[in-house]
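# Understanding the architecture of this molecule
The primary structure of each chain is shown beneath.
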Amino acid sequence: MASSLVSFRIHADPPKRLDKALSRDVPEEAALSRTRLARLLGEGAVLLNGVVTEDAKAKVAEGDLVEITVPVADESHIGPEDIPLEVIYEDADLIVINKPAGMVVHPAPGTPNGTLVNALLHHCGDSLSGVGGVQRPGIVHRIDKETSGLLVVAKSDRAHQGLAAQFEKHTVERYYNAVVYGVPDANDPRLRGVKGVSFESGNIMRITTQLARHKTDRQKQAVLFHGGRHAVTRARIVEAFGAPGVAALVECWLETGRTHQIRVHMAHAGHGLIGDPVYGGRRKLSEKALSPDGIAAAKGFARQALHAAVLGFEHPVTGEMMRFEAALPEDMTALIAALRG
C-alpha cells in the first residue's frame with residue numbers, strides 16, 4: 001500500500017503522554033486529526049526515536065524524533081458522478097454547498113447514486129485529502145432530501161473533526177425559512193395549552209421537547225417528554241398571509257440539531273409546514289382569507305416548504321468566523337408571492 005512519511009521532533013515542554021504530544025506537535029500540513037493519530041498509533045505506524053511505539057501513554061521528551069507512516073487514503077466505494085453543484089465557498093479543507101430540494105445527501109440502500117456525496121467526489125476529485133483514511137467528503141450534518149439550502153462538508157480529516165465538534169457542542173449558527181399553516185403568535189390562546197411551547201420576548205416561540213423515532217412508523221420522529229433526545233427550536237414570524245392570517249413565513253433556528261426537528265416541532269405546535277407529506281398534512285385554507293392563486297399554490301406545493309438559509313461556524317483550521325446566506329429558491333419565492341396575492 002502506498003504511504004507517506006511524516007517526520008518531526010517533539011517541541012519544548014511536551015505533555016506527559018505520547019498521544020497528547022503527537023496531537024500538539026504534528027505538522028499542520030499533515031492534516032492528521034486526534035482520532036486518526038490514535039488509530040495510526042494503535043496500528044504500529046508511529047516510531048519514537050526509531051522504535052515502534054503503540055502505547056498512547058508512553059513518555060516523551062523535548063527533541064524526541066517522531067516518524068509516522070501514513071497510508072495514502074483509500075478510494076471510496078461510492079462512485080463520483082458529474083452532477084452540477086452550487087458552490088458557495090471552497091478551500092483546501094471544506095466546501096459549502098447550496099443543496100437543491102430533491103437531492104439526497106448520502107447514498108443509502110434506496111438511493112445508491114445521484115446524491116450530494118456522489119457529486120462532491122466528482123467535483124473535489126484529488127483535493128479530498130482523506131477522512132478517516134478514506135478519500136471521501138466528511139458529512140458532519142444533513143438536511144432532508146426535500147429541504148433546500150446550505151451544507152458544510154469537510155474535505156480533510158482535521159476539518160471533519162473540528163466541524164463535528166462544533167455541531168456536537170451546538171455552536172454552529174443555523175437559520176431556516178419555513179412556510180407554515182397558521183400564524184404562531186403569542187396572542188393565540190391555543191398555543192398556551194400546547195405542552196413544550198412557550199414564548200420569549202419579541203414574540204419568539206420556543207419549543208422544548210424530547211425527540212425519538214416513532215414507535216410504529218420508523219421513518220418519522222415523535223415528540224416525547226420522557227426519554228429520547230433533548231431538542232429546542234425557536235421560531236419567529238417574518239410575514240403573515242391572509243386576512244385573517246392563515247399561513248406565515250417564519251424564521252426558525254436550532255439550539256439542537258435532531259432529525260426532522262423543525263418539521264416535527266412546528267407540527268407539534270399546530271403549525272406544520274406547507275407541503276410536508278409526513279408532518280404537515282394537507283389543510284384546507286379559507287377561501288375568504290386567501291386568493292384562489294394562494295390556495296392553489298399551497299395545495300400544490302410539492303415538498304416541505306423549508307430552506308436552510310444561514311450557516312455560520314468557526315473555520316476548523318484557520319479559526320476564522322464564517323457566515324453564509326442562501327436566498328430562497330424559486331419554488332418557495334413563488335409560493336410566498338401567491339400567498340401574498
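Residues numbered from 1 in each chain as written. Predicted model: local features only at pLDDT ≥ 70, side-chain atom pairs only at ≥ 80, totals over all residues. Heavy atoms only, no water.

## Some words on the overall build of the protein chain
Broken down by element type, the protein chain carries eight helices and 18 strands. Taken along its principal axes, the extent of the C-alpha atoms in the protein chain is 80 × 40 × 40 Å. Carbon together with sulfur atoms contributes 50% to the accessible area of the protein chain, which is approximately 16,500 Å² in total. Averaging the positions of the 39 positive and the 40 negative side-chain charges in the protein chain gives two centres separated by 10 Å. (Helix = DSSP H or I, 4+ residues; strand = E, 2+ residues; numbered from the N terminus. Areas by Shrake-Rupley, 256 points an atom, 1.4 Å probe, with all protein chains shown as cover. Lys, Arg positive; Asp, Glu negative; His and termini not counted. Charge placed at Lys NZ, Arg CZ, Asp CG, Glu CD.)

## Description of the packing of aromatic side chains
The final tally for this structure, using the stated rule, is three aromatic pairs. Between Y175 and W253, the aromatic rings sit 5.4 Å apart at their centres with planes inclined by 35°, giving tilted as the arrangement. In this pair, Y175 sits in strand β11 (residues 173–181) while W253 sits in strand β16 (residues 247–254), placing the two residues 78 residues apart along the sequence. By relative accessible area, which is 16% here, W253 ends up buried. Where F313 meets F324, the ring centres are 6.1 Å apart and the plane angle is 35°; that geometry is what we call tilted. One end of the pair, F313, is in strand β17 (residues 306–314); the other, F324, is in strand β18 (residues 321–325), and 11 residues separate them in sequence. The buried category is assigned to F324, whose relative accessible area is 11%. Here the aromatic cluster, defined as three or more aromatic residues joined through ring pairs, consists of Y89, F313 and F324. One residue, K195, lies across the ring of F225, its end atom 4.5 Å from the ring centre. (Phe/Tyr/Trp six-rings, centres within 6.5 Å; stacked < 30°, edge-to-face > 60°. Buried < 20%, exposed > 50% of the residue type's maximum accessible area, 1.4 Å probe, protein only. Lys NZ or Arg CZ within 6 Å of the ring centre and 35° of its normal.)

## Side note on the nonpolar core
Grouped together as the largest cluster of nonpolar side chains are 35 residues, with contacts concentrated most on Y176, M205, I262 and M266. Once you skip the residues sitting within four places of it in the chain, I262 turns out to touch Y176, T233, C252, L254, L273 and L306. (Core = buried A, V, L, I, M, F, W, Y, C linked by side-chain atoms within 4.5 Å. Contact = heavy atoms within 4.5 Å.)

It is worth stressing that arrangement in space is one thing and function is another; only the former is reported here.
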